[in-house]
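# Residue-level structure breakdown
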Amino acid sequence: MTTNKIRVAIVGMGKIAVDQHVPSIAGNPDYVLTAVVSSRDPAMPGVAWHKTLQSLLDDGPAIDAVALCTPPQVRYELASLALSRGVHVFLEKPPGATLAEVGLLEAQATKSGATLFAGWHSRFAAGVAPARAWLADRRVDSVSIVWREDVRHWHPGQAWIWEPGGLGVFDPGINALSIATHMLPDPFFLTAATLSTPANRAAPIAADLTFRDSRGAPVTMDLDWRQTGPQSWDIVVETDAGTLSLAKGGAVLTLPSGVEQHDDEEYPGLYARFATLIRAGESEVDVTPLKLVADAFLRGTRVAVENFDD
Ligand code: NAP
């Protein structure tokens, strides 16, 4: 068991790395940010900068772990390289561009003894654990998921998100599925989907989905990236004991007994979990949310909608 600080490198200094990974590493005494892999010099004193992971692993300071914050389409090669050197890997969500590649990484991690962690940040939102506990012995009658946001505000100029493997509106939508698959007492599967895709893009801008849980309760999901004004990241669960509602992406929980709101815990929670897994010599790779998205692409009807330009 390692008791020293975990020397971690961030790969891909985009929005999520800067907004969440850097401060979460700085705020956790288990870690030291040792290096950054980026096309641009991040100008961080005391932190080594390399343009490629290969160069960092060959010529840089020793590291124990990497946090892969690139788009999903380029993550497999990076993860496989890190694991081949015995370096622990934190995969941003979604864990990959395909299910098969994530399966290969899982097998590689098992063989190498390094930790592979597929992080689902929304599962660490403050309301999710108490919601899961409350639902554990309830009968679920129906579930409604509404995830509507303004893509121009949240993903300006992110070309990769519209390309194959970038998931389009499922990039945020998979966060809702990561909560629902963790929180609901029964598994569910897709029965129908309509994917609305701009004629000039490869990925959907909106989607309507219907699922059914293993006891027959309907689960509906409304995803739309064309929302202006108030944004919605809401899940409402009707049960035999009343209504549970989770708002603001999981931060605000309302039960029949009242409202609970807590501070943001998502990324500090992810890094705490990653450290626990590393110290225990374990991996955690749940691909259930990605499976449901893959099934939507497999079984859904595609509808062409008007062009989208940034
Ligand atoms: P982003 O702002 O576009 O940053 C991605 C970074 O990855 C780029 O800045 C670049 O790093 C690096 N990169 C390597 N290959 C690339 C390529 N082919 N195309 C574009 N960038 C490439 O994306 P992001 O919003 O941080 O999202 C990254 C991952 O985190 C995604 O899987 C996303 O789903 C997930 N995530 C995002 C958010 C969010 O709110 N944005 C929240 C949670 C999770 P350098 O500039 O350093 O070279």
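Please read all numbers here as calculations on a predicted model, not as lab measurements. Chains are numbered independently. Their residues run from 1 in the order of the written sequence. It should be noted that, the model being predicted, local features are given only for residues of pLDDT at least 70 and side-chain atom pairs only at 80 or more, the latter also being counted only at that level, while totals for whole chains, interfaces and linings use all residues. Side-chain metrics in this entry use all non-hydrogen atoms of the structure; hydrogen atoms and water are not considered.

## What about the domain arrangement of the protein?
- An automatic or database domain assignment supplies the residue ranges for each domain. The domain architecture assigned to the protein consists of domain 1 (6-118) and domain 2 (125-262 + 294-305).
- One C-alpha centre belongs to domain 1, the other to domain 2; they are set 28 Å apart.
- In what follows, a contact means two residues having at least one pair of non-hydrogen atoms within 4.5 Å. Taken residue by residue, the interface counts 8 residues in domain 1 and 11 residues in domain 2.
- A simple way to read buried area is as the amount of 1.4 Å-probe accessible surface that goes missing from two parts once joined, with both sides added. Across the domain 1 to domain 2 interface the summed buried area is about 700 Å²; carbon plus sulfur atoms make up 62%.
- One speaks of a salt bridge when a side-chain nitrogen belonging to Lys or Arg is within 4 Å of a carboxyl oxygen belonging to Asp or Glu. In this structure, the connection of domain 1 to domain 2 is made through 1 salt bridge.
- Taking the shortest distance from any N to any O, the salt bridge between lysine 93 and aspartate 171 comes out at 3.3 Å.
- The residue makeup of the side of domain 1 that touches domain 2, split by class, is 5 nonpolar, 1 polar and 2 charged. Note on residue classes: Ala, Val, Leu, Ile, Met, Phe, Trp, Tyr, Cys and Pro are nonpolar, Asp, Glu, Lys and Arg are charged, and everything else, Gly too, is polar.

## Description of the pattern of salt bridges
- Overall, the coordinates contain 13 salt bridges when judged by the stated rule.
- Among the ionic pairs, aspartate 30 bridges to arginine 279, the shortest N-O distance being 3.1 Å. Placement of aspartate 30 in the loop between α1 (15-26) and β2 (31-37) and of arginine 279 in helix α8 (residues 266-280) is noted, with a sequence separation of 249 residues between them.
- Accessibility expressed as a relative area gives 29% for aspartate 30, which makes it partly exposed. Per the convention used, a helix needs a DSSP run of H or I reaching at least four residues, while a strand needs a run of E reaching at least two, with both numbered from the N terminus. Each residue is assigned to one of three classes by its accessible area relative to the maximum for its type, calculated with a 1.4 Å probe on protein chains only: buried under 20%, partly exposed between the two thresholds, exposed over 50%.

## Thoughts on the sheet that holds strand β5 (residues 88-91)
- A sheet is described by the order of its strands in space; here 6 strands give the open sequence β3-β2-β1-β4-β5-β6, paired in parallel fashion. Across the chains shown, the open sheet's two edge strands, defined by having one partner strand only, are β3 (48-50) and β6 (116-118). For this sheet, the mean angle separating the axes of adjacent strands, direction not counted, is 25°.
- Relative to strand β4 (residues 65-68), strand β1 (residues 6-11) runs parallel, the two sharing 4 bridges. The partner of valine 11 across the bridge, within β4, is leucine 68.
- Note on definitions: angles span 0 to 180 degrees between N-to-C directions of axes, and those axes are lines fitted to C-alpha atoms, for helices only across the stretch in contact. Lying on the sheet, α1 is in contact with β1, β2, β4 and β5; it crosses β1 at an angle near 175°.
- Helix-sheet contacts for helix α3 (residues 75-84) involve β1, β4, β5 and β6, and the interaxial angle to β5 is about 160°. One requirement defines pairing of two strands: DSSP has to find at least two bridges between them.

## Description of α8
- End to end, α8 covers 21 Å across 15 residues, agreeing with the expected 21 Å (1.5 Å per residue, within 8%).
- Of all the residues in α8, the buried ones are Glu266, Tyr267, Gly269, Leu270, Tyr271, Phe274, Ala275, Leu277, Ile278 and Arg279.
- Phi turns positive, to about 70°, at glycine 281, one or two residues after α8. Multiplying one less than the number of residues by 1.5 Å gives the expected span of a helix.

## Observations concerning the sheet that holds strand β13 (residues 252-255)
- Taken in spatial order, the 9 strands line up as β14-β13-β12-β11-β7-β10-β9-β8-β15 in an open sheet, and their pairing is mixed. Looking at which strands have only one partner, the edges of the open sheet turn out to be β14 (258-261) and β15 (301-305). Neighbour to neighbour, the strand axes of the sheet diverge by 10° on average, direction disregarded.
- As paired strands, strand β11 (residues 232-239) and strand β12 (residues 242-247) are joined by 5 bridges and run antiparallel to one another. In the strand pairing of β12, valine 236 is matched with serine 245.

## Focus on the pairing of β11
- With 8 bridges connecting them, strand β7 (residues 140-148) and β11 associate as antiparallel partners. Among the inter-strand pairings, serine 144 is bridged to a residue of β11, identified as valine 236.
- In sequence, β11 turns back onto β12 through a hairpin of 2 residues.

## A word on the environment of proline 204
- Within the secondary structure, proline 204 sits in the loop between β8 (188-198) and β9 (206-213).
- For proline 204, a relative accessible area of 1% gives the class buried.
- With residues up to four places along the chain from it excluded, the contact list for proline 204 reads Trp162, Leu167, Gly168, Val169, Phe170, Leu195, Ser196, Thr197, Pro198, Trp225 and Phe297.

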